[in-house]
Amino acid sequence: MPEPSTTQIREALKFSQFRFKLIEFLKLPFDIGESALREVLERTSSDVYRNYLARAERVDEILKFEDTLEMTAPAFG
């Protein structure tokens with residue numbers, strides 16, 4: 001998998017903002033868990049739920065790659 005592009009990193013940040021705004025709009029506790037948030041979204045709006053899942057999946061792939069980079073990066077010092 002190639003290194004995440006600036007666009008992908010920006011997408012991950014925008015997803016985080018999107019998630020925060022959903023929580024705020026739905027007046028949910030800010031520390032709501034992912035599964036609970038998904039349940040609320042599924043009951044509230046199937047379109048928003050599908051959009052959220054698609055974006056979450058893309059961001060998850062980006063973050064998995066970032067984790068791989070951190071684990072394989074040489075230690076400096």
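Small disclaimer: the values here were computed from a predicted structure and weren't measured.

The rules behind these values
- Residues numbered from 1 in each chain as written.
- Predicted model: local features only at pLDDT ≥ 70, side-chain atom pairs only at ≥ 80, totals over all residues.
- Heavy atoms only, no water.
- pLDDT = per-residue confidence, 0-100.
- Helix = DSSP H or I, 4+ residues; strand = E, 2+ residues; numbered from the N terminus.
- Salt bridge = Lys/Arg side-chain N within 4 Å of Asp/Glu carboxyl O.
- Buried < 20%, exposed > 50% of the residue type's maximum accessible area, 1.4 Å probe, protein only.
- Phe/Tyr/Trp six-rings, centres within 6.5 Å; stacked < 30°, edge-to-face > 60°.
- Lys NZ or Arg CZ within 6 Å of the ring centre and 35° of its normal.

1. Digging into the confidence of the model for the protein
Any segment with low pLDDT has predicted coordinates that should not be analysed in fine detail.
Logical step 1: Summary statistics for the protein give a mean pLDDT of 85 and a share of 78% for residues scoring 70 or more.
Logical step 2: Mean pLDDT per element in the protein: helix H3 (residues 46-72) is the minimum at 81, and helix H2 (residues 34-44) is the maximum at 96.

2. Observations regarding the pattern of salt bridges
Logical step 1: Throughout the structure, instances matching the rule amount to four salt bridges.
Logical step 2: Residue Arg38 is joined to Glu34 by a salt bridge in which the shortest nitrogen-to-oxygen separation is 2.9 Å. Remark: Glu34 and Arg38 occur in helix H2; sequence separation between them is four residues, near one turn of the helix.
Logical step 3: Arg38 sits in the partly exposed class, given a relative accessible area of 29%.
Logical step 4: On the basis of relative accessible area, Glu34 is assigned to the partly exposed category, the value being 29%.
Logical step 5: Across the pair Asp47 and Arg50 runs a salt bridge whose closest N-O atoms are separated by 2.4 Å.

3. So, the packing of aromatic side chains
Logical step 1: In the structure shown here, the tally under the stated rule is four aromatic pairs.
Logical step 2: Ring centres of Phe15 and Tyr52 lie 5.1 Å apart, and the angle between their planes is 45°; on these two criteria the pair is classed as tilted. Note that Phe15 is positioned in helix H1 (residues 6-25) and Tyr52 in helix H3, a separation of 37 residues in sequence. With respect to class, Phe15 is no different from Tyr52; both count as buried.
Logical step 3: Ring geometry for Phe18 versus Tyr52: centroids 6.2 Å apart, planes at 35°, classification tilted. With a gap of 34 residues between them, Phe18 in helix H1 and Tyr52 in helix H3 connect regions that are remote in the sequence.
Logical step 4: Overall, the relative accessible area of 0% leaves Tyr52 in the buried class.
Logical step 5: Put simply, the rings of Phe15, Phe18 and Tyr52 pair up and form one aromatic cluster.
Logical step 6: Geometry around Phe18 places Arg55 over its ring, the cationic atom sitting 4.3 Å from the centre.

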